[in-house]
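Reading the structure
If you want the building blocks of each chain, they are given just below.
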Amino acid sequence: MRWAALLKGVNLNGRKLPMADLKALVEALGYREVATLLASGNVVFACDETDGAKVEARLETALAAYGLETDVIVRSAADLQAVIAANPFPEATLTRPNHVVVLFHRDSMPTDLPDALRAVYAGREALVPQGRELYVDYIDGIGASKLPQAMAKLKFPKLATARNWNTVVKLAALLEHPHV
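Small disclaimer: the values here were computed from a predicted structure and weren't measured. (Residues numbered from 1 in each chain as written. Predicted model: local features only at pLDDT ≥ 70, side-chain atom pairs only at ≥ 80, totals over all residues. Heavy atoms only, no water.)

**A short note on the sheet that holds strand β5 (residues 100-105)**
- Within the open sheet, the 4 strands sit side by side as β6-β7-β5-β8. Their pairing is antiparallel. At either margin of the open sheet sits one strand with a lone partner, and together these are β6 (126-130) and β8 (160-164). Each neighbouring strand pair of the sheet contributes to a mean axis angle of 20°, computed without reference to strand direction.
- For β5 and strand β7 (residues 133-137), the ladder comprises 5 bridges, and the chain directions are antiparallel. Its bridge partner being in β7, L103 is matched across the sheet by L134.
- Sitting on the sheet, helix α5 (residues 113-120) is in contact with β6 and β7, with an inclination near 145° to β6. (Pairing = 2+ DSSP bridges. Helix = DSSP H or I, 4+ residues; strand = E, 2+ residues; numbered from the N terminus. Axes fitted to C-alpha atoms, helices over the stretch in contact; angles between N-to-C directions. Contact = heavy atoms within 4.5 Å.)

**A closer look at the side chain of T93**
- Tracing the backbone through its elements, the reader meets T93 in helix α4 (residues 90-95).
- According to the relative accessible area criterion, T93 is buried, its value standing at 10%.
- Within the local environment of T93, its side chain forms a polar contact with the side chain of N87, the two groups lying 2.9 Å apart.
- Contacts of T93, omitting those with residues within four sequence positions, involve N87, V100 and W165. (Buried < 20%, exposed > 50% of the residue type's maximum accessible area, 1.4 Å probe, protein only. Polar contact = N/O pair within 3.5 Å; in protein donor to acceptor, adjacent residues only side chain to side chain.)

**Considerations on helix α2 (residues 52-66)**
- For α2, which comprises 15 residues, the first-to-last C-alpha distance of 21 Å matches the rise-based estimate of 21 Å (1.5 Å per residue) to within 8%.
- Looking at the buried residues of α2, the elements they touch are β1 (2-7), α1 (19-28), β3 (42-46) and β4 (72-76).
- Backbone geometry just downstream of α2 places G67 in the positive-phi region, at approximately 110°. (Expected span 1.5 Å × (residues − 1).)

**Description of the nonpolar core**
- Core analysis: the largest hydrophobic core is formed by 22 residues, its most contacted members being V26, Y31, F45 and L59.
- Of all the elements in the fold, those that place two or more residues in this core are β1, α1, β3, α2 and β4.
- When sequence neighbours within four positions are dropped, the list of residues in contact with V26 reads Y31, V34, V43, F45 and L59.
- In terms of nonpolar packing, the next biggest core, distinct from the first, is built from 21 residues, L37, V83, F89 and Y135 among them. (Core = buried A, V, L, I, M, F, W, Y, C linked by side-chain atoms within 4.5 Å.)

**Observations regarding the packing of helix α3 (residues 77-85) against helix α7 (residues 165-176)**
- The N-to-C vectors of α3 and α7 enclose an angle of 140°; their axes lie 9 Å apart at closest approach. Seen from above, α3 lies across α7 with left-handed handedness. On the side of α3, the interface is formed by A77, L80, Q81, V83 and I84, while α7 contributes W165, V168, V169, L171, A172, L175 and E176.
- Residues that form the contact of α3 with α7 fall into these classes: 10 nonpolar, 1 polar and 1 charged. (Left-handed = near helix turned anticlockwise from the far one by under 90°. Nonpolar A, V, L, I, M, F, W, Y, C, P; charged D, E, K, R; others polar.)

This is the structure in structure tokens:
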């Protein structure tokens, strides 16, 4: 089975992990066809394990042994294709894909999340929960948004990691065609 592993907070705030080290770490687990994408903790690979939770746990244990305590969220090729197919912002992903973000979570998103956020936050971002993902269209850009602070106020699940639309599409392509 082919997996994409998304590491949380890598190469931010002093949490350094060279992608060559990540690739070597994943290969040392016996995983095959390993490739990294960008310098933000994205790695794709093949392995015989079909249980995503077990893959996440193995990767987190290996990263901790390396000296990096971080959360890992994995998605299969089919999972990422479903994320792309469910895109609630097709126009935005065509015109400004770096302003559309998918937050990947381990658990399903509460469907009332947008309403709960609007009760404490009046920003223009559009939010759509879908399964274990939360799609966010940062209409006015990401840099000045106060959405993360509002999510923290709601005790939003911290076990999440975000990727912009460009990265989501590239990860899906790498899963489908590992030698591209």
